[in-house]
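Geometric and topological summary
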Amino acid sequence: MPSIRSLYLFFGIGLSSLGAVNAANTCILQKTNNTFSNQEEVNTRLQGCTDIDGDIYIQEGFNGTFSLPGITQISGKLGLADVIFDANGSSKSLHSNTSYTGLKAVILDNLISITGWIELYQVSDLDTISMPLLNNASNLYVKSVIPVNFSLPQLSSYHTAHLEGRFSSISMPSLQTMNTTMIDISYISNQLHFYTQEAFALELPLLQKAVNLSIMGNFSSISLPKTTNITNEFTIYNLSPVTINLPSLSDLNKMNLYSAMKDNLIFPALVNVSAALTLYLKNGITSAKPVFVEFPRLRKAGYLDIYGPVLGVTLPTLEYTYGASIESTLAIDCSPVRNAIEKALAMHNAENHGLILSCTGDYSEVESKKKRLRLALGIGLGLGLPMIALVAYLCVRWKRQKSKNFKKTPVVGN
């Protein structure tokens, strides 16, 4: 009867010959065998594996859909191959073009977790990225060439995401925590030319907190219904008028918003802005819609800088600020916002800090100029007409007197 040790050696050698699979169904990939050029190669070399220990690279020229049947976890990176290694460990450069061709979709139906980067960039034919069960990821980097349908419906957390290029949709409905995200679908060149695409709605319905969040592109609406805190910087740069929904956002460090608006801009829960809040509500849109900007609960704001077709700014609870600049392209009454900011400045004795308090497009000043013009015209007409009549009367009288004197003068002959 064979011993347990001999059975272990037999089955261990047998399993290892099938692709480095241990009892836990983990495939160990080295740099000499972690690059795949077609789906048949994936299916053959990773058959029976559930976990991957190592990196996985997709070789340029991989045609069609890339998938990992049965793989639930990757302890490594998933990306595109720049080099390939032979059995001796010698490397050969693969990627010389500006973009990969052939790969049309990355669909990982079983993947739940990945510890390394997901990097898919400059793939000219890629239009679908779907990982329906992925719950936890480290870092995401996708740079698309054609519109991509990007769907990670179960992803709850990651550290960093960089989504750049053209997207037909971005879906991460379960995302709750992350460090830094940059979503840039504007395709801005050095000359600030924009790569046009159809606007779509962006919603992160469960996201609660972030360190940095940058959203740039062409969105019809941006909704973060549960986001309460963005601890470093929040940027929105949109190419067309947008609806922004931030009902729970209470605490910000710094926010930069560059976009025309579809509706009034309201921050219903915002209490604190540590640094600065910049709202540029025009952004190249010549006929941007006039809007109200409302801060019903704001108590502290380092600095407020608001520009565009602003109908009014409400700050009923403001207690602390270092200053503000409100530049409306419309004729507005600045007295309410000026009074609110002056009150906040006075509450913390900030008058000696060289602060800025300005409001242009002031309705009262415009009206004052109109009144002065009307008054000048009124005075001119009121006094001018009698004066004209008096001058005319004197002229007529002078002419008559001159004519009478001429007739009384005797004619002297030779």
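Calculation rules
Residues numbered from 1 in each chain as written. Predicted model: local features only at pLDDT ≥ 70, side-chain atom pairs only at ≥ 80, totals over all residues. Heavy atoms only, no water. Helix = DSSP H or I, 4+ residues; strand = E, 2+ residues; numbered from the N terminus. Buried < 20%, exposed > 50% of the residue type's maximum accessible area, 1.4 Å probe, protein only. Areas by Shrake-Rupley, 256 points an atom, 1.4 Å probe, with all protein chains shown as cover. pLDDT = per-residue confidence, 0-100. Contact = heavy atoms within 4.5 Å. Expected span 1.5 Å × (residues − 1). Arc of directions from axis to C-beta. Pairing = 2+ DSSP bridges. Axes fitted to C-alpha atoms, helices over the stretch in contact; angles between N-to-C directions. Core = buried A, V, L, I, M, F, W, Y, C linked by side-chain atoms within 4.5 Å. Salt bridge = Lys/Arg side-chain N within 4 Å of Asp/Glu carboxyl O.

The subject of this paragraph is the overall build of the protein. Looking only at helices and strands, the protein has 4 helices and 31 strands in total. Across the 414 residues of the protein, 40% fall into the buried class. When the accessible surface of the protein is summed, it comes to about 21,500 Å², and 57% of that surface belongs to carbon and sulfur atoms.

Turning our attention to the environment of Leu 311. Of note, Leu 311 is situated in strand β28 (residues 310-314). A relative accessible area of 36% means that Leu 311 is categorised as partly exposed. Remark: the alpha-carbon pair of Leu 311 and Leu 330, spanning 19 residues in sequence, is separated by 6.9 Å.

Attention now moves to the confidence of the model for the protein. Counting all residues, the mean pLDDT for the protein is 80, and 72% of those residues have values of 70 or more. Summarising per-element confidence for the protein, the mean pLDDT is lowest in helix α1 (residues 4-17) (40) and highest in strand β24 (residues 265-266) (98). Of the regions scoring below 50 in pLDDT, residues 90-97 engages in 21 contacts with residues more than four places distant in sequence or in other chains. Confidence over residues 187-196 falls short of pLDDT 50; this stretch has 19 contacts with residues more than four positions distant or in other chains.

Let's shift gears to helix α3 (residues 335-347). Over its 13 residues, α3 extends 18 Å from the first C-alpha to the last, a length consistent with the 18 Å expected when each residue adds 1.5 Å. Within α3, burial applies to Val 337, Ala 340, Ile 341, Ala 344 and Leu 345. Around the axis of α3, the buried residues are gathered within 135° of arc, so they sit on the same side.

This paragraph deals with the sheet that holds strand β22 (residues 243-245). Sheets are built from strands that pair by backbone hydrogen bonding, the pairs being arranged parallel or antiparallel. An order of β18-β20-β22 is seen for the 3 strands of this open sheet, with the pairing classed as parallel. Every other strand in the sheet has two partners, leaving β18 (200-203) and β22 as the edge strands with one partner each. Adjacent strand axes in the sheet meet at a mean angle of 10°, parallel and antiparallel pairs treated alike. The pairing of β18 with strand β20 (residues 219-223) spans 4 bridges and is classified as parallel.

Tracing the sequence through the fold places Leu 78 in strand β7 (residues 78-80). Linking Leu 78 and Glu 119, residues 41 residues apart in sequence, is a C-alpha distance of 6.3 Å. Once residues lying within four places of it in the same chain are set aside, the contact partners of Leu 78 are Ile 56, Phe 66, Leu 108, Ile 114, Trp 117, Ile 118 and Glu 119.

Attention shifts here to the nonpolar core. Core analysis: the biggest nonpolar cluster contains 96 residues, and Phe 66, Phe 150, Met 172, Phe 234, Leu 279, Phe 295 and Leu 315 have the highest contact counts within it. Residue contacts for Met 172: discarding those within four places in its chain leaves Phe 150, Leu 152, Leu 155, Tyr 158, Leu 163, Leu 204 and Pro 205.

So, on to the sheet that holds β24. Read from one edge to the other, the open sheet built from 3 strands follows the order β24-β26-β28, with strand pairing classed as parallel. A strand with exactly one partner marks an edge of an open sheet, and here the two such strands are β24 and β28.

Another point: the pattern of salt bridges. The final tally for this structure, using the stated rule, is 3 salt bridges. Here Glu 41 makes a salt bridge to Arg 45, at a shortest N to O gap of 2.6 Å. Here the residue Glu 41 and the residue Arg 45 both occupy positions in helix α2 (residues 39-45), the gap between them amounting to 4 residues, near one helical turn. A relative accessible area of 22% places Glu 41 in the partly exposed class.

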